[in-house]
Amino acid sequence: MTTAQPLDVQPTPLALLLLGREADPKSERGVECPGDLPAPSDPDLVERARAAKAKLGDRVFVLGHHYQRDEVIEFADVTGDSFKLARDAAARPDAEYIVFCGVHFMAESADILTGDGQQVILPDLAAGCSMADMATAEQVAECWDVLTEAGVAEQVVPVSYMNSSADIKAFTGKHGGTICTSSNAKRALDWAFAQGSKVLFLPDQHLGRNTAVRDMGMSLDDCVVYNPHKPNGGLTGDELRAAKMILWRGHCSVHGRFSLDSVNDVRERIPGVNVLVHPECKHEVVAAADQVGSTEYIIKALEAAPAGSKWAIGTELNLVRRLANRFASEDKEIVFLDKTVCFCSTMNRIDLPHLVWALESLADGKVVNRIQVDKETESFAKLALERMLALP
C-alpha cells in the first residue's frame with residue numbers, strides 16, 4: 001500500500017478573495033458601475049418630501065453630502081464634505097432632528113459633535129462606507145499589540161481619517177492621536193510628528209502616503225503598509241522600526257478605481273485637459289495629476305477656472321456630473337476621469353423614498369434610524385476631534 005503524497009495546491013485568486021486575503025477593487029462593496037442612476041423619483045414623492053419638511057419646520061435640519069443624488073440634494077439645508085456637515089449640525093443646537101444624507105460614519109460624527117437634546121437620523125442604515133469598514137476596533141487593537149511587541153508603540157501617534165468609525169476615532173483619542181480630513185491631513189501629520197517619530201495612519205493608505213510623500217517630502221521607502229489580514233500585519237519588527245508612516249491597508253472603493261491609464265487616456269482624448277483628483281486616489285494617479293484636493297478644493301478650483309477650460313475630475317460621479325451641469329453655461333468642459341461610470345453605491349442608498357420615509361416618520365412623531373454613539377466611545381472620539389479643531 002502506497003502512502004498518499006501531499007498535494008502541492010496553490011490557492012486560486014478566487015479562493016483568496018473568499019478567504020478575505022485579497023480584494024477585488026472592481027467588485028467590492030461600495031462601488032457600482034450601472035452606467036447611470038435611475039431617473040429621479042415620481043413627483044408625488046417630491047411633494048411629500050416638501051410637505052413633511054415644511055411640517056417639521058425648524059425642528060429638522062437636513063445635511064447633504066456632495067456625493068448624494070440630485071433628488072436628495074434638493075432637500076438639503078446645507079451641502080458639504082463629511083466634517084463640514086458635522087460642524088454645521090453642531091452649529092444648529094435648536095434643531096431637534098439632524099437628518100444626515102450621507103453614510104454611517106458621518107452620522108456618527110454628527111452625533112458626537114451635537115448636543116444631547118438632538119437626534120441624528122440616517123435615512124437608510126445600510127448606507128455604510130467600504131473604507132471605514134476596512135478597519136475594525138479589534139483589528140486596530142491587535143495592530144497596537146504588534147507595535148508594542150516591536151518596541152515602537154511609544155513612538156507612534158495615531159492619525160485617523162474622518163472616514164472612520166466612531167470606534168476608530170475613540171481609539172485615536174485614547175492613544176493621544178488626532179483626526180484629519182483630506183483638507184488638513186498635512187497639518188495633522190505635522191502635529192503628530194511633533195509628538196512622536198512615527199504615525200499610524202488609519203484607514204486610508206492612499207491619503208496617508210500622498211500627504212507624506214507629496215506634501216511633506218518623505219520617500220515611499222518611509223512608508224509601510226500594515227495588512228490586518230496577515231500575521232503581524234505582514235511586517236517585520238525591523239520594517240516597523242525603520243518606518244515613519246505605518247499605513248493601514250484600506251482605501252476608497254470609488255477613488256481606488258482611477259488608474260494611471262485613466263490619466264493618460266483622458267490626456268490623449270482631450271488635448272489641454274487639466275486633471276484634478278482627490279487625494280484618496282492611488283499615488284501614481286496623484287503624481288500624474290495637475291491638481292490634487294478635497295471635494296471642497298475641487299469645487300473651488302472649478303469655480304475659479306477660466307471659461308473654455310477643460311477638466312477631468314477624479315472623484316465620485318454625482319459631484320462631477322453636478323459640477324459639469326453647473327458650469328456648462330460658462331463653457332467649462334468637465335468630464336469624469338475614467339471611462340467607466342462609477343457611483344458610490346452605499347452613498348446612493350440614500351434616495352428620495354428613504355428620505356421621504358424618514359421625514360414623514362419624524363413629522364408623525366416617530367424617530368427612525370437614530371444613530372447614537374455610546375458615551376465612552378463618544379468621549380474619546382470627541383477628544384480626537386477636538387485635537388483636530390485645535391490644530392495650528
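Scroll up to find the structure this text is about.
Counting starts from 1 at the beginning of each chain's written sequence and moves along it residue by residue. Where totals are concerned, whole chains, interfaces and linings use all residues; where local detail is concerned, this predicted model gives features only for residues with pLDDT of at least 70, and gives and counts side-chain atom pairs only at 80 or more. Side-chain numbers here rest on the full set of heavy atoms in the structure, without hydrogens or water.

(A) Geometry of the layout of surface pockets. Here a cavity denotes a set of grid points, spaced 1 Å apart and computed over the protein atoms alone, in which a 1.4 Å probe fits but from which it cannot get out, and a pocket denotes an open set meeting protein on both sides within 12 Å along at least five of seven lines; residues with an atom within 4 Å of a point are reported as lining. Grid points are joined across faces, edges and corners, and a volume is the space filled by probe spheres set on the points. Roughly 210 Å³ of internal volume is contained in the second largest pocket. What lines the second largest pocket is simply Asp81, Phe83, Lys84, Arg87, Thr181, Ser183, Asn184, Arg187, Met388, Leu389 and Leu391. Put simply, DSSP H or I for four residues or longer makes a helix, DSSP E for two residues or longer makes a strand, and each gets a number counted from the N terminus. Going through the elements one at a time, α4 (82–90) and α17 (375–389) are the ones with two or more residues in the lining of the second largest pocket. It is α4 that contributes the most residues to the lining of the second largest pocket, 3 residues altogether. Under the scheme applied here, ten amino acids are nonpolar (Ala, Val, Leu, Ile, Met, Phe, Trp, Tyr, Cys and Pro), four are charged (Asp, Glu, Lys and Arg), and all others, including Gly, are polar. Tallied by class, the residues present in the lining of the second largest pocket amount to 4 nonpolar, 3 polar and 4 charged.

(B) The environment of aspartate 94, seen in detail. Mapped onto the elements, aspartate 94 comes out in the loop between α4 and β4 (97–101). Only protein chains enter the accessibility calculation, which uses a 1.4 Å probe. A residue is then buried if its area is under 20% of the maximum for its type, exposed if over 50%, and partly exposed in between. Judged by relative accessible area, which is 73%, aspartate 94 ranks as exposed.

(C) Seen up close, the state of the cysteines. The term disulfide is used for any two cysteine sulfur atoms that are within 2.5 Å. The full count for this structure, using the stated rule, is 0 disulfides. Cysteine 344 provides the cysteine sulfur closest to cysteine 252, a residue in no disulfide bond, and the two sulfurs are 6.6 Å apart. Of the cysteine sulfurs around cysteine 281, a residue in no disulfide, the closest is that of cysteine 252, at 8.0 Å.

(D) How the structure looks around the nonpolar core. If you look at the biggest cluster of nonpolar residues, it comprises 110 residues, and the most contacted ones within it are Val99, Phe201, Met245, Val277, Ile334 and Leu337. Here the element with the most residues in this core is helix α16 (residues 352–363); it accounts for 7 residues. A contact between two residues is defined here by any heavy atoms of the two lying within 4.5 Å. Filtering out sequence-adjacent residues up to four positions away, leucine 337 remains in contact with Phe258, Ser262, Val263, Val266, Arg269, Val275, Val277, Val285, Ala312, Ile313 and Gly314. Working definition of a nonpolar core: buried Ala, Val, Leu, Ile, Met, Phe, Trp, Tyr and Cys residues. They are joined through side-chain atoms within 4.5 Å. Trp144, Leu147, Ala243 and Ile246 belong to the second largest nonpolar core, which has 21 residues in total.

(E) Looking closely at the packing of α4 against helix α5 (residues 104–113). Angles here are taken between N-to-C directions and fall from 0 to 180 degrees, while the axes themselves are lines fitted to C-alpha atoms, restricted in helices to the stretch in contact. The N-to-C vectors of α4 and α5 enclose an angle of 35°; their axes lie 8 Å apart at closest approach. At the point where α4 passes α5, the crossing takes the right-handed sense. Taking contact as the criterion, the partners of Ser82, Phe83, Ala86, Ala89 and Ala90 in α4 are, on α5, Phe105, Met106, Ser109, Ala110 and Leu113. Split by residue class, the contact of α4 with α5 holds 8 nonpolar, 2 polar and no charged. Rotating anticlockwise by less than a right angle from the far helix to the near helix defines a left-handed crossing, while the corresponding clockwise rotation defines a right-handed one.

(F) Examining empty space enclosed by the protein more closely. Counting across every chain of the model gives 1 cavity of 30 Å³ or more. Estimates place the volume of the largest cavity at around 330 Å³. Listing elements by their share of the lining of the largest cavity, those giving two or more residues are α4, α5 and α6 (130–133). The class makeup of the residues in the lining of the largest cavity is 13 nonpolar, 13 polar and 3 charged.

The analysis is restricted to geometry; functional conclusions fall outside its scope.
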